[in-house]
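Commentary on secondary and tertiary structure
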Amino acid sequence: VLSRATLDELGGAAQVVEQHLELALAGLAVTERDVASRLFNHLVTPSGTKIAHGVGDLARYVGSPDDGLEHILRNLAAQRIVRPLPGSNGGGARYEIFHDVLADAVLGWRARHETERALEVERAEAWRRHRRLALVAGVALAALAVTAGIAVYALAQRERADNRARTAEGRELTVSSISRLNEDPELSVLLALEAAEREATPDVEDALR
């Protein structure tokens, strides 16, 4: 028994029932709350009517083993969220919502729970997408670095090859310049000047002199 003032301070009967339900379900593990949410989907209709079901039927509905489901049902029964009923025709116990006043609170809790779980799944999927994108970006950067390294190496090799080619041409021009000195001095000087544009060595200097 409590006074009307106390009831008003507590938020009314509906608020008291809702808080009691929240506290009772908060004592369950996350996976057990998921099972309880699926249970409520079969124990309370969308219009707020409670329905009694046997443990075997509930286990098939929610896809949970009978023993694990009975553990959850016993916990909920201890908190007066559900209650066992005698089985019909000698069958096992059936369970229903403890009181009609719980129906709206159960429907509200289940809607909030399903929304929160959907958000958690969405956040987890977003995190996985972020990690995949980060991995792809990392691989792309690594590939870009390798490509840049190959390009730098190729340019260095090309420059080295060009230098070798210029050196070879310079030596060839130097030899030609010296060999043509007596035959055609003017051509010999021109060849020596061409050789000097390709390399600066004592041999080129001697050819020019």
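Shown above is the structure to which this text applies.
Cut-off values and rules
- Residues numbered from 1 in each chain as written.
- Predicted model: local features only at pLDDT ≥ 70, side-chain atom pairs only at ≥ 80, totals over all residues.
- Heavy atoms only, no water.
- Core = buried A, V, L, I, M, F, W, Y, C linked by side-chain atoms within 4.5 Å.
- Buried < 20%, exposed > 50% of the residue type's maximum accessible area, 1.4 Å probe, protein only.
- Helix = DSSP H or I, 4+ residues; strand = E, 2+ residues; numbered from the N terminus.
- Contact = heavy atoms within 4.5 Å.
- 1 Å grid on protein atoms, 1.4 Å probe; cavity = no way out; pocket = protein on both sides within 12 Å on 5 of 7 lines; lining within 4 Å.
- Points joined across faces, edges and corners; volume = space filled by probe spheres on them.
- Nonpolar A, V, L, I, M, F, W, Y, C, P; charged D, E, K, R; others polar.
- Phe/Tyr/Trp six-rings, centres within 6.5 Å; stacked < 30°, edge-to-face > 60°.
- Patch = residues over 30% accessible without salt bridge, like charges linked within 9 Å, V, L, I, M, F, W, Y side chains within 5 Å.
- Areas by Shrake-Rupley, 256 points an atom, 1.4 Å probe, with all protein chains shown as cover.
- Salt bridge = Lys/Arg side-chain N within 4 Å of Asp/Glu carboxyl O.
- Axes fitted to C-alpha atoms, helices over the stretch in contact; angles between N-to-C directions.
- Parallel < 35°, antiparallel > 145°, perpendicular 65-115°, else oblique.
- Left-handed = near helix turned anticlockwise from the far one by under 90°.
- Polar contact = N/O pair within 3.5 Å; in protein donor to acceptor, adjacent residues only side chain to side chain.

Let us look at the nonpolar core. By size, the foremost hydrophobic cluster in this structure holds 28 residues, and its most contacted members are Phe40 and Leu69. Secondary-structure elements contributing two or more residues to this core are helix H2 (12–26), helix H3 (30–43), helix H4 (55–62), helix H5 (66–78), strand S3 (94–97) and helix H6 (102–179). When residues no more than four places from it in sequence are discounted, the contact partners of Phe40 are Leu25, Leu76, Ile81, Ile97, Val106, Trp109 and Arg110.

Once that is clear, we can look at the layout of surface pockets. Here the largest pocket is characterised by a volume of approximately 190 Å³. If you trace the largest pocket, you find it lined by Glu22, Leu25, Ala26, Val30, Arg33, Trp109, Arg112, His113, Glu116, Arg117 and Glu120. Mapped onto the lining of the largest pocket, the elements with two or more residues apiece are H2, H3 and H6. Broken down by element, the lining of the largest pocket gets its largest block of residues, six residues, from H6. Counted by class, the lining of the largest pocket contains four nonpolar, one polar and six charged residues.

Scanning all chains against the criterion turns up one aromatic pair. Consider the rings of Phe40 and Trp109, whose centres lie 5.7 Å apart with planes at 85°: the pair is edge-to-face. With Phe40 in helix H3 and Trp109 in helix H6, the pair connects residues that are 69 residues apart, well separated along the chain. As far as burial versus exposure is concerned, Phe40 and Trp109 are alike and both buried.

Our focus in this paragraph is a nonpolar patch on the surface. A grouping of Val189, Leu190, Leu193 and Leu208 is seen on the molecular surface, where their side chains present a nonpolar patch of about 330 Å² in accessible area. Here Val189 lies in helix H7 (residues 185–198). Judged by its relative accessible area of 42%, Val189 is partly exposed.

This paragraph deals with the packing of H6 against H7. Describing two packed helices takes the angle between their axes plus the distance from one axis to the other. The geometry of H6 relative to H7 is characterised by a closest axis approach of 8 Å and an angle of 160° between their N-to-C directions. With respect to H7, the element H6 is oriented roughly antiparallel. Viewed along their axes, H6 and H7 form a crossing whose handedness is left-handed. For the pair formed by H6 and H7, the contact residues are Arg166, Glu169, Gly170, Leu173, Thr174, Ser176, Ser177 and Ile178 on the first element and Ser188, Leu191, Ala192, Glu194, Ala195 and Arg198 on the second. Class assignment of the residues belonging to the contact of H6 with H7 gives a composition of five nonpolar, five polar and four charged.

Turning to the packing of H3 against H6, a few remarks are in order. Orientation of H3 relative to H6, taken along the N-to-C sense of each, is 130°, at an axis distance of 10 Å. The angle between H3 and H6 places the two elements in the oblique class. Between H3 and H6 lies a crossing of left-handed hand. Contacts from Val30, Arg33, Asp34, Ser37, Phe40 and Asn41 in H3 reach Val106, Trp109, Arg110, His113, Glu114 and Arg117 in H6. Residue composition of the contact of H3 with H6, grouped by class: four nonpolar, three polar and five charged.

Turning our attention to the side chain of Asp34. Checked against the element boundaries, Asp34 lands in helix H3. At 2.8 Å, the side chain of Asp34 and the side chain of Arg117 are in polar contact. Those residues in contact with Asp34 that lie beyond four places of it in its chain are His113 and Arg117.

Take the side chain of Ser188 next. Its location among the elements puts Ser188 in helix H7. Under the relative-accessibility criterion, Ser188 is labelled buried at 2%. Setting aside anything within four residues of it in sequence, one finds Ser188 in contact with Ser177, Ile178, Arg180 and Leu181.

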